[in-house]
Structure formats: C-alpha cells, structure tokens
Amino acid sequence: MKTLGSAISAVVGGNINKLPEILEASHSDLVAATYELTPLVITRDAIVAVLTAWRDQSCTSDDAQKWASFVRRGFVAGRSGKPVRSIDIKYDAIDEDLIVEIIARLDEIGDLVDGYIDDDEVEEMLRVLKP
C-alpha cells in the first residue's frame, strides 16, 4: 500500500508518469492507500507539471484528461456501476477558482463539444498559472 500511496501523492503533485498505477488499482486499494497520507492538495504547480508534460509530449491528451478526471472526482471514472467513496483531494485555497476552471477544462478533453484543446490554449493556461 505504501507504493500506491506514494503514487497517489505523486499524481496529485502533478507527476503524470505515476498515473498508470492509479488507473490499474482497485478503488478499495486507492482508498486504503490514502489512510496514512497527509492531506492531498492540488496546487497550480501540479497543473503546470501536467500541462508542461503534455506540451513537451511526455504524455498524451488522454493522459491529461484521465489525470484531471481523477483529481477532480477522487476516483477513476467508469470503473464500476456501483457508488464509490471519493478520495478527499482538495484544491489550494489561494488559487481554487483557477484550479477548478483549468481542471474542469482538461477533464473535457475528448468530449464531443469543447473536447479539443490546442497548443495555444495550453500555452495560455501555462501563462495564467505561472506567477
């Protein structure tokens, strides 16, 4: 569980390379792995890390969408038809509105309406996020 907990912390911190560990784990294992973690908080730096990885082609748009979906909901969407208890992931209070807006936009990737984000929009998000 320690390894999964480390992966969850890393993903919340913007390390998209650890996302496969999250996507492959059962929800009950994800929940159990969070019991010993410090509070999980999304910061603007985490989003910058994901956007930079996407821009630099270290990850795909699908990876960015799955990351956003996980940190937005606190579970891996579409895994089961049963209700699940979300993992508690908070947004940095100082930048909460901006974080909510960008994560929601990233979570739209692949949707029929507004599901495409071009390079210019990624650069604009990065510009807004960097102080």
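Reading guide: rules and limits
- Counting from 1, residues in each chain are numbered in the order their sequence is written.
- With pLDDT at 70 or above as the cut-off, local features in this predicted model cover only qualifying residues; side-chain atom pairs require 80 or more to be listed or tallied, and sums for whole chains, interfaces and linings still use all residues.
- To obtain the side-chain values, all non-hydrogen atoms of the structure were included, while hydrogens and water were left out.
- Strands are runs of DSSP state E lasting at least two residues, helices are runs of H or I lasting at least four, and both sets are numbered from the N terminus onward.
- Between the first and last residue of a helix there are one fewer steps than residues, each counted as 1.5 Å, and that sum is the expected span.
- Note on exposure labels: buried denotes an accessible area under 20% of the residue type's maximum, exposed denotes more than 50%, and partly exposed covers the range between, all computed with a 1.4 Å probe on protein chains only.
- We call two residues in contact when some of their heavy atoms are within 4.5 Å.
- We define a salt bridge as a contact between a side-chain nitrogen of Lys or Arg and a carboxyl oxygen of Asp or Glu at a distance within 4 Å.
- Put simply, a nonpolar core is a bunch of buried Ala, Val, Leu, Ile, Met, Phe, Trp, Tyr and Cys residues held in one set by side-chain atoms that sit within 4.5 Å of each other.
- Every axis corresponds to a line fitted to the C-alpha atoms, with the helix fit spanning only the stretch in contact, and the corresponding angles, defined between N-to-C directions, vary from 0 to 180 degrees.
- Here roughly perpendicular refers to angles of 65 to 115 degrees, roughly parallel to angles under 35, roughly antiparallel to angles over 145, and oblique to all remaining angles.
- Note on convention: near helix rotated counterclockwise from far helix by under a right angle means a left-handed crossing. Clockwise means right-handed.
- Here the nonpolar group is Ala, Val, Leu, Ile, Met, Phe, Trp, Tyr, Cys and Pro; Asp, Glu, Lys and Arg are the charged ones; every other residue, Gly included, is treated as polar.

**Quick word on helix α6 (residues 96–107)**
Owing to its 3.6 residues per turn, the α-helix aligns residues three or four sequence positions apart on the same side. The terminal C-alpha atoms of α6 lie 16 Å apart, and with 12 residues this matches the ideal 16 Å at 1.5 Å per residue to within 8%. The complete set of buried residues in α6 reads Leu98, Ile99, Ile102, Ile103, Ala104, Arg105, Leu106 and Asp107. The inward-facing, buried residues of α6 abut β1 (40–42), α4 (44–55), α5 (61–73), β2 (89–91) and α7 (119–129).

**Details of the pattern of salt bridges**
Enumeration according to the criterion identifies 11 salt bridges in this entry. In this structure, the salt-bridge partner of Asp62 is Lys66, at a minimum N-O distance of 3.1 Å. Note that Asp62 and Lys66 are positioned in helix α5 at a spacing of 4 residues, about one turn of the helix. Lys66 gets classed as partly exposed once you look at its relative accessible area, which sits at 32%. Residues joined in a network through salt bridges with shared partners are Arg55, Asp56 and Glu123.

**Looking at the nonpolar core**
Ile22, Ile42, Trp67 and Leu106 are the most contacted members of the largest nonpolar core, which totals 42 residues. A total of 7 residues in this core trace back to one element, the largest contributor, which is α4. Residues in contact with Leu106, not counting those within four places in the same chain, are Leu51, Trp54, Ala64, Gln65, Trp67, Ala68, Ile117 and Met125.

**Focus on the environment of Trp54**
Among the secondary structure elements, Trp54 is positioned in helix α4. Separated by 68 residues in sequence, Trp54 and Val122 have C-alpha atoms that sit 8.6 Å apart. Each residue touching Trp54, except ones within four places of it in the same chain, is listed here: Cys59, Thr60, Ser61, Ala64, Leu106, Ile109, Ile117 and Val122.

**Notes on the side chain of Thr34**
Tracing the backbone through its elements, the reader meets Thr34 in helix α3 (residues 27–34). Since its relative accessible area comes to 16%, Thr34 is described here as buried. If sequence neighbours within four positions are ignored, Thr34 has contacts with Ile8, Leu40 and Ile87.

**A closer look at unusual backbone geometry**
Residues other than glycine predominantly adopt negative phi, and peptide bonds predominantly adopt the trans conformation. The backbone of Gln57 sits at a positive phi, close to 65 degrees, despite the residue not being glycine. Within the secondary structure, Gln57 is located in the loop between α4 and α5. One non-glycine residue with positive phi stands out, namely Asp114, at about 60 degrees. For Asp114, a relative accessible area of 53% corresponds to the exposed category.

**Side note on the packing of α4 against α7**
Look at α4 against α7: their axes get within 10 Å of each other, and the N-to-C directions meet at 150 degrees. Considering the angle they form, α4 stands roughly antiparallel to α7. At the point where α4 passes α7, the crossing takes the left-handed sense. Taking contact as the criterion, the partners of Arg44, Ile47, Val48, Leu51, Thr52, Trp54 and Arg55 in α4 are, on α7, Val122, Glu123, Met125, Leu126, Val128 and Leu129. When grouped by side-chain class, the residues that make up the contact of α4 with α7 number 9 nonpolar, 1 polar and 3 charged.

**Here we look at the packing of helix α1 (residues 2–12) against α3**
Viewed as axis vectors pointing N to C, α1 and α3 meet at an angle of 85 degrees, and their least axial separation amounts to 8 Å. With respect to α3, the axis of α1 lies roughly perpendicular. Across the interface between the two elements, Leu4, Gly5 and Ile8 from α1 touch Asp29, Leu30, Ala33 and Thr34 from α3. Here the residues of the contact of α1 with α3 sort into 4 nonpolar, 2 polar and 1 charged.

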